[in-house]
Amino acid sequence: MDKPLTASEILQHRKEGTWAANSIHPLLNKLLENGYIAVCGSQRVAKVNSRLYEAKVSLSDYITNQVSEVFENETNKFNVSSFLSGLMGGDQEKDEEIISELENWLDDYSKKSV
């Protein structure tokens, strides 16, 4: 999100069934420990003050980090074909957009390497 959120607001934005209400605080604490989020203030909610959390890592940086960890993990055999197949969701228009972006990236990357 582009603005700080309380734990209850984060729960409201979660995908259906992904986090239980009682598991949000351990999750937030782990994200705080790992530097993915930070407490940036507080907000009065009902009769109590709630901490406001903000992202410290952009979505793009997070994804790059996660993919890099998969490639660098020597114990896992990573299959690029399976990874790219996972990007394709079966939506022809979206798949074509992803393929076009990958082709553009490959062109740019090969020009930098030369």
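It should be noted that the structure appears before, not after, this text.
What counts, and where the lines are drawn
Residues numbered from 1 in each chain as written. Predicted model: local features only at pLDDT ≥ 70, side-chain atom pairs only at ≥ 80, totals over all residues. Heavy atoms only, no water. Helix = DSSP H or I, 4+ residues; strand = E, 2+ residues; numbered from the N terminus. Buried < 20%, exposed > 50% of the residue type's maximum accessible area, 1.4 Å probe, protein only. Core = buried A, V, L, I, M, F, W, Y, C linked by side-chain atoms within 4.5 Å. Contact = heavy atoms within 4.5 Å. Pairing = 2+ DSSP bridges. Lys, Arg positive; Asp, Glu negative; His and termini not counted. Salt bridge = Lys/Arg side-chain N within 4 Å of Asp/Glu carboxyl O.

### A closer look at unusual backbone geometry
Then comes step 1: Backbone geometry at Ala46 places phi at a positive 55°, although glycine is not the residue there.
Then comes step 2: With respect to the helices and strands, Ala46 occurs in the loop between strand S1 (37-45) and strand S2 (48-55).
Then comes step 3: Classification of Ala46 as exposed rests on a relative accessible area of 73%.

### So, the nonpolar core
Nonpolar side chains tend to gather and get buried jointly when the protein is soluble and globular.
Then comes step 1: Leu5, Ala7, Ile10, Leu11, Ile24, Leu28, Ile37 and Tyr53 form the largest nonpolar core, which has eight residues in total.
Then comes step 2: Put simply, the parts of the chain that give this core at least two residues each are helix H1 (7-13) and helix H2 (24-33).
Then comes step 3: In terms of residues, this core owes the most to one element, H1, which gives three residues.
Then comes step 4: Among all residues touching Tyr53, those that are not within four sequence positions of it are Pro4, Leu5, Thr6, Ala7, Ile10, Leu28, Leu32, Ile37, Ala38, Val39 and Cys40.

### So, the pairing of S2
Then comes step 1: As defined by bridge partners, S1 adjoins S2 across eight bridges and the pair is classed as antiparallel. For Ser42, the partnering residue across the bridge sits in S2 and is Arg51.
Then comes step 2: What sits between the antiparallel neighbours S1 and S2 is a turn of two residues, in which Ala46 has the positive phi angle 55°.

### Remarks on the side chain of Glu9
Then comes step 1: By the element assignment, Glu9 lies in helix H1.
Then comes step 2: We note that Glu9 is buried and unpaired, the nearest opposite charge coming from Lys3 at a distance of 4.2 Å.

These figures come from the coordinates and say nothing about function on their own.
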